[in-house]
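Here is what each chain is made of, one letter per residue.
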Amino acid sequence: MIDLEKTAKRVNLMHQRLWLVPQKAIYWQKKKMLLIADPHLGKAGHFRRNGIPVPGRINATNFQLLDDLLESFEVEHLIILGDLFHSKQNLEWDQFFEWRSGHSAMEVTLVIGNHDILESDTYHASRINLFHKLRIEPFLLVHDLNAVSIKNEEKHYLLSGHIHPAVQLRGKARQTMKLPCFYFGDRQGILPAFGEFTGTHVIKPKAGDRIYGVVENNVLDLSE
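Owing to the predicted nature of the structure, the values given are computational and were not obtained by experimental measurement. (Residues numbered from 1 in each chain as written. Predicted model: local features only at pLDDT ≥ 70, side-chain atom pairs only at ≥ 80, totals over all residues. Heavy atoms only, no water.)

Novice: Help me understand the overall build of the chain, please; the structure alone is not making it clear to me.
Specialist: In terms of helices and strands, the chain carries five helices and 16 strands. A burial count over the chain gives 51% of its 224 residues as buried. (Helix = DSSP H or I, 4+ residues; strand = E, 2+ residues; numbered from the N terminus. Buried < 20%, exposed > 50% of the residue type's maximum accessible area, 1.4 Å probe, protein only.)

Novice: Help me understand the packing of aromatic side chains in this model?
Specialist: In this description, a pair of aromatic rings is defined by centroid distance and the angle of the planes. Applying the stated rule across the entire model yields nine aromatic pairs. On the numbers, 4.6 Å between centres and 10° between planes, the contact of Tyr-27 with Phe-73 is stacked. Pair noted here: Tyr-27 is in strand S3 (residues 25-28) and Phe-73 is in the loop between helix H3 (57-72) and strand S5 (77-80), with a separation of 46 residues, a long-range link. For the pair shown, Tyr-27 and Phe-73 are each scored as buried. The interplanar angle of 20° and the centroid separation of 6.2 Å between the aromatic rings of Phe-63 and Trp-99 together place this pair among those described as stacked. Note that Phe-63 is positioned in helix H3 and Trp-99 in helix H4 (residues 91-101), a separation of 36 residues in sequence. Members of the aromatic cluster, joined through ring pairs, are Phe-63, Phe-85, Trp-93, Phe-96, Trp-99 and Tyr-123. (Phe/Tyr/Trp six-rings, centres within 6.5 Å; stacked < 30°, edge-to-face > 60°.)

Novice: Would you mind showing me how to read the sheet that holds S3 here?
Specialist: Pairing between the strands of a sheet comes from backbone hydrogen bonds, and it takes one of two forms, parallel or antiparallel. Taking strand neighbours across the sheet as the criterion, the seven strands line up as S1-S2-S3-S4-S5-S6-S7 in an open arrangement whose pairing is mixed. Two strands close off the open sheet at either side, each with one partner strand: strand S1 (9-13) and strand S7 (128-131). The average angle at which neighbouring strand axes cross in this sheet is 25°, direction not considered. Here S5 pairs with strand S6 (residues 107-111) via four bridges, running parallel. (Pairing = 2+ DSSP bridges. Axes fitted to C-alpha atoms, helices over the stretch in contact; angles between N-to-C directions.)

Novice: I tried to follow the environment of Val-148 on my own but got confused; where do I start?
Specialist: Take Val-148: it is sitting in the loop between strand S9 (139-141) and strand S10 (157-160). Taking relative accessible area as the criterion, Val-148 reaches 12% and is therefore assigned buried. With 15 residues separating them in the primary sequence, Val-148 and Lys-133 have C-alpha atoms 9.1 Å apart. Not counting chain neighbours up to four residues away, the residues in contact with Val-148 comprise Lys-133, Leu-140, Val-142, Glu-153 and Leu-158. (Contact = heavy atoms within 4.5 Å.)

Structure below.
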């Protein structure tokens with residue numbers, strides 16, 4: 001079980017209380033919503049199909065992480081900010097279909113990302129809502145911030161995924177450490193990639209930005 005008070009970090013955003021959990025997800029307790037970005041399910045299978053021997057347990061790890069979250073929190077709606085499945089349909093989609101069948105009472109919504117290339121009927125067969133943009137006041141949920149005009153969304157705070165943000169830490173003896181992170185700027189926030197088999201992109205925060213790094217089983221406030 002995940003203890004919010006011990007391992008998660010509470011942030012207030014647009015007068016909403018959100019919990020950042022070390023499994024690289026946001027729990028919106030008031031709405032009973034769980035937000036994740038970039039699971040990239042099926043990526044391991046995609047690589048294996050192209051001759052690269054990637055362990056199949058990666059997909060099972062992703063499902064276990066999701067199950068841990070759903071067992072720990074009261075979740076009525078799972079929202080995925082893009083890139084649910086990495087590429088073309090493969091055996092790992094069948095595993096997801098089976099997992100989804102075991103959580104049929106929960107609503108699932110996918111905000112479509114650049115890797116979400118399956119036919120709409122495939123998602124609908126798993127009872128997944130599809131959106132390119134999703135407004136849940138006071139937020140606008142998208143996959144890629146670059147695809148949205150912030151000027152046209154002055155009333156909303158944007159939450160997205162896509163870039164797999166990370167922060168680079170430097171020690172006194174030139175040691176470096178790269179951590180996946182949650183990023184919150186003045187008008188927009190980015191979730192870390194949920195998937196276990198994803199790369200990261202080091203961001204360069206500006207003064208006033210809030211950065212929360214994920215290390216082991218904790219979320220650390222790294223804001224300057």
